[in-house]
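Descriptive analysis of the structure
Next come the chains, spelled out residue by residue.
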Amino acid sequence: MKVLVLGGAGYIGSHTVYALLEQGYDVAVVDNLLTGHRAAVHPDVRFYQGDVRDRTFLMETLQREAPDAAIHFAANSLVGESMQHPMKYYDNNVGGTCTLLSALVEQGLKRIVFSSSAAVYGEPERIPIRETDRTMPTNPYGETKLAMERMFHWADVAHGVKYVSLRYFNACGAHASGCIGEAHAPETHLIPLVLQVPNGQRPMVRIFGTDYDTRDGTCVRDYIHVTDLAQAHILAVDYLAAGGKSDVLNLGNGVGFTVREIIHAAERVTGETIATENAPRRAGDPAQLVASGSRAREVLGWEPQYTEVEEIIASAWRWHSTHPDGFGDA
């Protein structure tokens, strides 16, 4: 099967590309490299540098590749940045998806897997979050992801484009080979920021908010290994190829860890003391986000292989300790 991965030079996208190749798929990648890395793209895939907002580029690529399915990772994804620059997120995320869907419809491609987010829920009604729970995002990033999901729904109603939208939150860890991992500039994700302290790249890590209604006052998140996320996307492609109907699924371990618990786990993994500094809450950060993955298990047969947070952090530490500058291009 031929799969086109949009945003395949990014963190989750690149890991999904590696997993697709390992499992025998024919893969092509589209990425504008604004946040992705050319060095993260597997050398055995066909690579097209361009933007999902560029309809001419998309149509040319789709006509050349004629993929059987697409996986859509191409989006801006920083909560804090979205609060400061909401129009950037609507332009790239919503506008780009609109252009992409129009091109897919014209090309006749009927299967797409979408990288969504648990940020669509906002402050959750209950923990763990289920797919039927209220969606009231607390930041523009989550709002754009929800708008993208609705766009997929109406494209299915009007044109029969079948989709699976996968909602997850904190992707983490690195490929077992150690050849790719997480590399953002600037870095905003908790685990790589924490690991920069024992790596000698920062003196301490800031804890944003210590007065949340959680067991130690810091935010609680569900951390899922990037390889497990990659496998879920592949299972969703197979599900659609087998005639599956459109669906929205959470990806979660169902277990949440506080910011302080992640820091303490990183100390155990690295054998180093990690200094911290308390800071005010960040706008748009819900207190808890823990997603139930039960429906993904039922519908896709997805089973996370990395369930221990120390094991996840250890894989991230192998990457960051050997690649302190990431891919060397940022």
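Up top is the structure these notes are about.
Description of the structure in this document. (Residues numbered from 1 in each chain as written. Predicted model: local features only at pLDDT ≥ 70, side-chain atom pairs only at ≥ 80, totals over all residues. Heavy atoms only, no water.)

1. What about helix α7 (residues 226–241)?
Helix length check: α7, at 16 residues, gives a terminal C-alpha distance of 23 Å against a target of 22 Å (1.5 Å per residue), a fit within 8%. Extensive coverage of α7 is indicated by the burial of 12 of its 16 residues. Within α7, burial applies to V226, D228, L229, A230, A232, H233, I234, L235, A236, V237, Y239 and L240. Looking at the residues trailing α7, positive phi occurs at G243, about 95°. (Helix = DSSP H or I, 4+ residues; strand = E, 2+ residues; numbered from the N terminus. Expected span 1.5 Å × (residues − 1). Buried < 20%, exposed > 50% of the residue type's maximum accessible area, 1.4 Å probe, protein only.)

2. Notes on the packing of aromatic side chains
All chains considered together, the criterion is met by 3 aromatic pairs. Centroid distance F114 to F152: 5.0 Å. Interplanar angle 40°. Geometry classified as tilted. Here the residue F114 occupies a position in strand β5 (residues 111–115), and F152 occupies one in helix α5 (residues 140–159), the gap between them amounting to 38 residues. Taken individually, F114 and F152 each receive the classification buried, so the pair is uniform in this respect. Each ring, one from W319 and one from F327, has its centre 5.1 Å from the other, and the planes form 50°; the classification is tilted. For the pair W319 and F327, a shared accessibility class is recorded, and that class is buried. Counting every residue linked through ring pairs, the aromatic cluster contains F114, F152 and Y163. (Phe/Tyr/Trp six-rings, centres within 6.5 Å; stacked < 30°, edge-to-face > 60°.)

3. Some thoughts on the sheet that holds strand β14 (residues 288–289)
Strand order in this open sheet of 3 strands is β12-β9-β14, and the pairing throughout is mixed. Both edges of this open sheet fall to β12 (257–258) and β14, since each of them pairs with a single strand only. Relative to β14, strand β9 (residues 220–221) runs parallel, the two being bridged by 2 bridges. Bridge pairing in β14 places R221 opposite L289. (Pairing = 2+ DSSP bridges.)

4. Notes on the packing of helix α4 (residues 86–107) against α5
Packed helix pairs are characterised by how far apart their axes lie and by the angle those axes make with each other. Packing of α4 against α5 brings their axes to within 9 Å, and their N-to-C directions diverge by 15°. With respect to α5, the axis of α4 lies roughly parallel. Handedness of the α4/α5 crossing: right-handed. On α5, the residues that touch P86, Y89, Y90, N93, V94, T97, C98, L101 and V105 of α4 are P140, Y141, E143, T144, A147, M148, M151, F152, A155 and H159. (Axes fitted to C-alpha atoms, helices over the stretch in contact; angles between N-to-C directions. Parallel < 35°, antiparallel > 145°, perpendicular 65-115°, else oblique. Left-handed = near helix turned anticlockwise from the far one by under 90°. Contact = heavy atoms within 4.5 Å.)

5. Considering the nonpolar core
Among the nonpolar cores identified, the biggest contains 38 residues, and L166 and L251 are the most heavily contacted of them. Elements represented by at least two residues in this core include exactly β1 (2–6), α1 (11–22), β2 (26–31), β4 (69–72), β6 (162–167), α7 and α9 (294–300). If one sorts the elements of this core by residue count, α7 sits on top with 10 residues. Setting aside its immediate chain neighbours within four residues, L251 contacts L166, R167, Y168, I224, L229, A232, A291, A296 and W302. If you look at the next biggest cluster of nonpolar residues, it comprises 27 residues, including L4, V30, F57 and F114. (Core = buried A, V, L, I, M, F, W, Y, C linked by side-chain atoms within 4.5 Å.)

6. Description of the sheet that holds strand β3 (residues 46–49)
The strands that make up a sheet pair up through hydrogen bonds in the backbone, lying either parallel or antiparallel. Spatially, 7 strands are ordered β3-β2-β1-β4-β5-β6-β11 in an open sheet, and the strand pairing comes out parallel. Of all strands in the sheet, those with a lone pairing partner are β3 and β11 (247–250), marking the two edges. Each strand axis lies, on average, 15° off the axis of its neighbour in the sheet, ignoring direction. Across 3 bridges, the pairing between β4 and β5 is parallel. Looking across to β5, one finds that A70 is bridged to I112.

7. Side note on helix α2 (residues 55–65)
Here α2 has its buried residues at F57, L58, M59, T61, L62 and E65. In this structure, the buried residues of α2 make contact with β1, β2, β3 and α4. Here α2 starts with a cap whose side-chain oxygen sits 3.3 Å from the backbone nitrogen of T56, and that cap is D54. In the segment just after α2, A66 is the residue with positive phi, at about 45°. (Polar contact = N/O pair within 3.5 Å; in protein donor to acceptor, adjacent residues only side chain to side chain.)

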